[in-house]
Amino acid sequence: MRKLNIYKLFNAAKVLGSFYIMRYTGKARQFGLPFTISVEPTTACNLRCPECPSGLRSFTRPTGNLKKDFFKRFIDDSYSHLIYLIFYFQGEPYINPDFLDMVRYASDKKIYTITSTNGHFLNDENAKKTVLSGLDRLIISVDGTTQETYEKYRKEGKLANVIAGTKNLLRWKKKLKSKSPHVIFQFLVVGHNEHQIEDLYDLAEELGVDEVKLKSAQIYNYHHGSDLMPQNTKYSRYIKTENGTYKLKYEVKDECWKMWHSSLITWDGKVVPCCFDKDATHIMGDLKVDNFEEIWKSQSYFNFRSQIIQGRDQIDICTNCSEGCKVFF
């Protein structure tokens, strides 16, 4: 609340109003500017997770690190309407050497900042800098409570490093008497770790973590099943059909709230619809050429929103989308 003002609230109201007008009219009307933006600090990652383009090193788009000066120019143009800034898309944010400086810059502009990390870079120095950066929310991926289980998905990762990094961060929060960041242990529920859910809650309580979130896994080739699908279907995005194949558990409507309130910027300045466009195949514009407001109100964005309304099942990145699904539990 301390980072809100009348203009931001008025802009958010316009965005919400235009979304409901779209529902009523069936036309892609858009008012206001997005109040949530995701930016990609880097495409690099130290791990090799099997359902992640960064882990698989499988990108077809260019890879690299977000440049601090470019980021600052974007924030200077956009901070007045931004409520949330998510420092994550692909890759491990802490690999970018300027990451925490960029967090500090956005925080000083009174934007609520969020990031997600695999927890391997929270050494004592980075933990202290993280607290001092003003980061509001830190999601730490902990997909197992033993090394044997953890490394089945977080390949080449060390659970001991994640726990040590968490302790560093929480110690500096206490030492600096800071309420932020709000620390979340995120547990991707898959077939080989679902038996450790209660153990995760115990671990989080022991360490003093603020919150635990259980997340369902997105699986790329889900139609014929996967060992990653949990036995407890409560934690799966997919359900088995009568013919033995799998489909999304929840019906996805021909609309998308994300296309009205949020957008995503890759490390090199490309604007894409959302985090499901991992290879940036649907580029709405380039911030090295145009400013964000021009891109947001462009014909490309209008056409994409209209296509969603006409039939999301015709858009490749929408066919395995969690919009409308229960992702967190």
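Please refer to the structure placed before this passage.
What counts and how
- Residues numbered from 1 in each chain as written.
- Predicted model: local features only at pLDDT ≥ 70, side-chain atom pairs only at ≥ 80, totals over all residues.
- Heavy atoms only, no water.
- Helix = DSSP H or I, 4+ residues; strand = E, 2+ residues; numbered from the N terminus.
- Rg over C-alpha atoms; globule rule 2.2 N^0.38 Å.
- Buried < 20%, exposed > 50% of the residue type's maximum accessible area, 1.4 Å probe, protein only.
- Contact = heavy atoms within 4.5 Å.
- Areas by Shrake-Rupley, 256 points an atom, 1.4 Å probe, with all protein chains shown as cover.
- Lys, Arg positive; Asp, Glu negative; His and termini not counted.
- Charge placed at Lys NZ, Arg CZ, Asp CG, Glu CD.
- Right-handed = clockwise from strand over helix to strand, strands pointing away.
- Arc of directions from axis to C-beta.
- Expected span 1.5 Å × (residues − 1).
- Phe/Tyr/Trp six-rings, centres within 6.5 Å; stacked < 30°, edge-to-face > 60°.
- Axes fitted to C-alpha atoms, helices over the stretch in contact; angles between N-to-C directions.
- Parallel < 35°, antiparallel > 145°, perpendicular 65-115°, else oblique.
- Left-handed = near helix turned anticlockwise from the far one by under 90°.

The next point concerns the overall build of the protein. Within the protein, the secondary structure is distributed over eleven helices and eleven strands. Relative to the 2.2 N^0.38 estimate, which gives 20 Å for 329 residues, the radius of gyration of the protein is 20 Å and therefore close to what a compact globule would have. Each of the three principal axes of the protein carries a C-alpha extent, and together these read 55 × 50 × 35 Å. Buried positions account for 55% of the 329 residues belonging to the protein. Taking as baseline every contact in the protein between residues at least 6 positions apart, the subset at least 24 positions apart corresponds to 68%. For the protein, the accessible surface area stands at approximately 15700 Å², while carbon and sulfur atoms represent 50% of it. Across the protein, the 47 positively charged side chains and the 39 negatively charged ones have centroids separated by 5 Å.

Burial along strand 6 (residues 211-216) is one-sided: the face carrying Val212, Leu214 and Ser216 is buried and the face carrying Glu211, Lys213 and Lys215 is not. In this fold, the crossover linking strand 5 (residues 182-189) to strand 6 by way of helix 8 (residues 197-207) has right-handed handedness.

This part is about helix 3 (residues 68-78). An α-helix turns once per 3.6 residues; consequently, residues spaced three or four apart project the same way. Where helix 3 is concerned, the buried positions are Phe70, Phe71, Phe74, Ile75 and Ser78. Taken around the axis of helix 3, the buried residues stretch over an arc of 135°, which confines them to a single face. For helix 3, exposure combined with an orientation more than 90 degrees from the buried face picks out Asp69, Arg73 and Asp77. Residues of helix 3 that are buried sit in contact with strand 1 (36-39), strand 2 (84-87), helix 4 (99-108), strand 9 (262-265) and helix 10 (292-296).

Moving on to helix 7 (residues 159-175). With 17 residues, helix 7 should reach 24 Å at 1.5 Å per residue; the first-to-last C-alpha distance of 24 Å fits that figure. For helix 7, the set of buried residues is Leu159, Val162, Gly165, Thr166, Asn168, Leu169, Leu170, Trp172 and Lys173. Lysine 177 occupies a position one or two residues after helix 7 and carries a positive phi of about 55°.

Inspection of the entire model under this criterion finds twelve aromatic pairs. Aromatic side chains phenylalanine 19 and tryptophan 257 sit 5.1 Å apart centroid to centroid with 65° between the ring planes, which places their arrangement in the edge-to-face category. Of the two residues, phenylalanine 19 sits in helix 1 (residues 6-25) while tryptophan 257 sits in the loop between strand 8 (246-248) and helix 9 (258-261), which places them 238 residues apart along the sequence. Overall, phenylalanine 19 belongs to the buried group, its relative accessible area being 5%. Note on phenylalanine 292 and tryptophan 296: the rings are 6.0 Å apart at their centroids and 20° apart in plane angle, and the pair reads as stacked. Note that phenylalanine 292 and tryptophan 296 are positioned in helix 10 at a spacing of four residues, about one turn of the helix.

Right, let's talk about the packing of helix 5 (residues 124-133) against helix 7 for a bit. Axes are the key here: two packed helices are described by the angle between their axes and the distance separating the axes. Running from N to C, helix 5 and helix 7 cross one another at 45°; their axes reach a closest spacing of 8 Å. Classified by the angle between their axes, helix 5 and helix 7 sit oblique to one another. The two elements helix 5 and helix 7 cross, and the hand of that crossing is right-handed. For the pair helix 5 and helix 7, the contacting residues are Asp124, Ala127, Lys128, Thr130 and Val131 in the first and Asn168, Leu169, Arg171, Trp172 and Lys173 in the second.

Any functional reading would require information beyond the geometric quantities listed.
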